Amino acid sequence: MSILEVEHIGKSFDHTEVLKDICFTLEKSQVLSIIGSSGSGKTTLLRCLNFLEHADSGVIKVGGKVVFDASDKEYLKESVVRKNRLHFGMVFQSFNLFPQYTALQNVMLAKQLQAKKLPEYKEKKKEILQEIEDEAKMLLYQMGLSERMDNYPHQLSGGQCQRVAIARALALKPDILCFDEPTSALDPELTGEVLRVIKELAETKMTMIIVTHEMAFARDVSDKVIFMDDGYVLEHGTPDEVFNNPKEERTKQFLGRFIANNN
């Protein structure tokens, strides 16, 4: 069974269609890269999956269960959205860390807020908070940031901030981890460290969706690749199929420079 099924997703802004009948599936432990020119709808698709935008049409299923149906207003209720959003973790291109909190506090915050709703929270507050802190420290250790836990975002490099953001997304144990151009705000010399972390996550069989302009990385880390153009999924397949044997002329044009540089 697919962990993610996206069926006929459509989205418009001010009568401009941004997503047009988007359909795809993703298996557990697979990595899907979404590539395409700026303005092709990649980020909007990711935002719809994370309920940061509501699609105008279509259905989203996680583990065979419907988590969004545009035809049913029940799925637009804030309580339902909050619950279903937990299936996805989101790493933004601009980090979106809270500047007033340390790296450790940034990673802990969402889990702490979630814990306050537990019926046993008052009785076991100390133990629950200690467990959250221990898990956050372990995640930062995995990100190579064990010596930076008490630093604030302004004291960290862009690459370190992005690794804190990845740890924060992982803290809630999402079914699917999503990245929106995770290296676009970084200097070229810092890009490699973030891509290395994502590759390590792929090796642990983390299910991921990555919107990226890093073509070589998408080719090397992905199980599936989607090429989007003008709001459509124009081509999809394995990295070998999309990068080495693209069927659509538009895909060939988009990948032309990348292919030329790698021949």
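Some words on the overall build of the protein
Moving on, step 1. Helix and strand counts for the protein stand at nine helices and 10 strands.
Moving on, step 2. A principal-axis box enclosing the C-alpha atoms of the protein has dimensions of 60 × 45 × 35 Å.
Moving on, step 3. Burial analysis of the protein (263 residues in total) assigns 49% to the buried set.
Moving on, step 4. Residue pairs in contact within the protein that sit at least 24 positions apart in sequence constitute 66% of those at least 6 positions apart.
Moving on, step 5. Accessible area for the protein stands at about 13500 Å²; split by element, carbon and sulfur atoms hold 48% of it.
Moving on, step 6. Positive and negative side-chain charges in the protein, numbering 33 and 39 respectively, have mean positions lying 5 Å apart.

Structural notes on helix H1 (residues 42–49)
Moving on, step 1. For H1, the tally of buried residues reaches six of eight residues, placing the bulk of the element in the interior.
Moving on, step 2. Looking at H1, one finds that the buried residues are Lys-42, Thr-44, Leu-45, Leu-46, Cys-48 and Leu-49.
Moving on, step 3. Looking at the residues trailing H1, positive phi occurs at Phe-51, about 65 degrees.

Some words on helix H2 (residues 78–85)
Moving on, step 1. For H2, the full list of buried residues reads Val-80, Val-81 and Asn-84. An end-on view of H2 places all buried positions within 100 degrees of arc, on one side of the element.

Examining the pairing of strand E9 (residues 224–229)
Moving on, step 1. Within E9, five of the six residues are buried, leaving the element largely enclosed by the surrounding structure.
Moving on, step 2. Direction of pairing for strand E3 (residues 31–35) relative to E9: parallel, over a ladder of four bridges. Each residue of the ladder has a partner; that of Ile-35, found in E9, is Phe-227.
Moving on, step 3. Summarising the sheet, E9 and strand E10 (residues 232–237) pair through five bridges and their orientation is antiparallel.

Description of the packing of aromatic side chains
Geometrically, a pair of aromatic rings is defined through the distance of the ring centres and the angle of the planes.
Moving on, step 1. Across all of its chains, the model carries four aromatic pairs by this definition.
Moving on, step 2. With centroids separated by 6.3 Å and ring planes inclined at 55 degrees, the aromatic side chains of Phe-51 and Phe-68 adopt a geometry described as tilted. One end of the pair, Phe-51, is in the loop between H1 and strand E4 (57–62); the other, Phe-68, is in strand E5 (residues 65–69), and 17 residues separate them in sequence.
Moving on, step 3. An aromatic cluster of three or more residues is present, and its members are Phe-51, Phe-68 and Phe-88.

Description of the pattern of salt bridges
Moving on, step 1. Applying the stated criterion to the full structure yields 12 salt bridges.
Moving on, step 2. Residues Asp-220 and Arg-219 are paired through a salt bridge, measuring 3.1 Å at the closest nitrogen-oxygen approach.
Moving on, step 3. Its relative accessible area of 48% is what places Asp-220 among the partly exposed residues.
Moving on, step 4. Overall, the relative accessible area of 29% leaves Arg-219 in the partly exposed class.
Moving on, step 5. Between Arg-250 and Asp-229 there is a salt bridge whose closest N-O contact spans 3.1 Å. Taken as a pair, Arg-250 in helix H9 (residues 249–261) and Asp-229 in strand E9 lie far apart in primary sequence, 21 residues in all.
Moving on, step 6. Overall, the relative accessible area of 26% leaves Arg-250 in the partly exposed class.

Let's talk about the sheet that holds strand E1 (residues 4–13)
Moving on, step 1. Taking strand neighbours across the sheet as the criterion, the four strands line up as E2-E1-E4-E5 in an open arrangement whose pairing is antiparallel. Each edge of the open sheet carries a strand with a single partner, namely strand E2 (16–26) and E5. Neighbour-to-neighbour, the strand axes of this sheet turn through a mean angle of 20 degrees, independent of strand direction.
Moving on, step 2. Strands E1, E2 and E4 of the sheet are contacted by H1, whose axis makes an angle of about 65 degrees with E2.

What to know about the nonpolar core
Within soluble globular proteins, side chains that are nonpolar tend to cluster in buried spots.
Moving on, step 1. Of all hydrophobic cores here, the largest spans 42 residues; its most connected members are Ile-166, Leu-177, Phe-179, Leu-201 and Met-208.
Moving on, step 2. Per-element tally for this core: the top contributor is helix H5 (residues 158–171), with eight residues.
Moving on, step 3. Discounting chain neighbours no more than four positions away, the residues touching Phe-179 are Leu-46, Val-91, Ile-166, Ile-198, Leu-201, Met-208, Ile-209, Ile-210 and Val-211.
Moving on, step 4. Counting residues in each nonpolar core, the second largest holds 32 residues, with Ala-55, Phe-68, Ile-176 and Met-228 among its members.

Considerations on unusual backbone geometry
Leaving glycine out, the prevailing phi sign among residues is negative, and the prevailing peptide bond configuration is trans.
Moving on, step 1. Phi is positive for Asp-21, close to 55 degrees, though the residue is something other than glycine.
Moving on, step 2. Here Asp-21 is to be found in strand E2.
Moving on, step 3. Phi is positive for Phe-51, close to 65 degrees, though the residue is something other than glycine.

What about the pairing of E3?
Within a regular strand, side chains alternate between the sheet's two faces.
Moving on, step 1. With respect to burial, E3 is a largely interior element, five of its five residues being buried.
Moving on, step 2. Burial of E3 is two-sided: the residues Val-31, Ser-33 and Ile-35 facing one way and the residues Leu-32 and Ile-34 facing the other way are all buried.
Moving on, step 3. Where E3 meets strand E8 (residues 208–211), four bridges bridge the pair, whose relative direction is parallel. Note on E8: the bridge partner recorded for Leu-32 is Ile-209.

About the criteria used
Residues numbered from 1 in each chain as written. Predicted model: local features only at pLDDT ≥ 70, side-chain atom pairs only at ≥ 80, totals over all residues. Heavy atoms only, no water. Helix = DSSP H or I, 4+ residues; strand = E, 2+ residues; numbered from the N terminus. Buried < 20%, exposed > 50% of the residue type's maximum accessible area, 1.4 Å probe, protein only. Contact = heavy atoms within 4.5 Å. Areas by Shrake-Rupley, 256 points an atom, 1.4 Å probe, with all protein chains shown as cover. Lys, Arg positive; Asp, Glu negative; His and termini not counted. Charge placed at Lys NZ, Arg CZ, Asp CG, Glu CD. Arc of directions from axis to C-beta. Pairing = 2+ DSSP bridges. Phe/Tyr/Trp six-rings, centres within 6.5 Å; stacked < 30°, edge-to-face > 60°. Salt bridge = Lys/Arg side-chain N within 4 Å of Asp/Glu carboxyl O. Axes fitted to C-alpha atoms, helices over the stretch in contact; angles between N-to-C directions. Core = buried A, V, L, I, M, F, W, Y, C linked by side-chain atoms within 4.5 Å.

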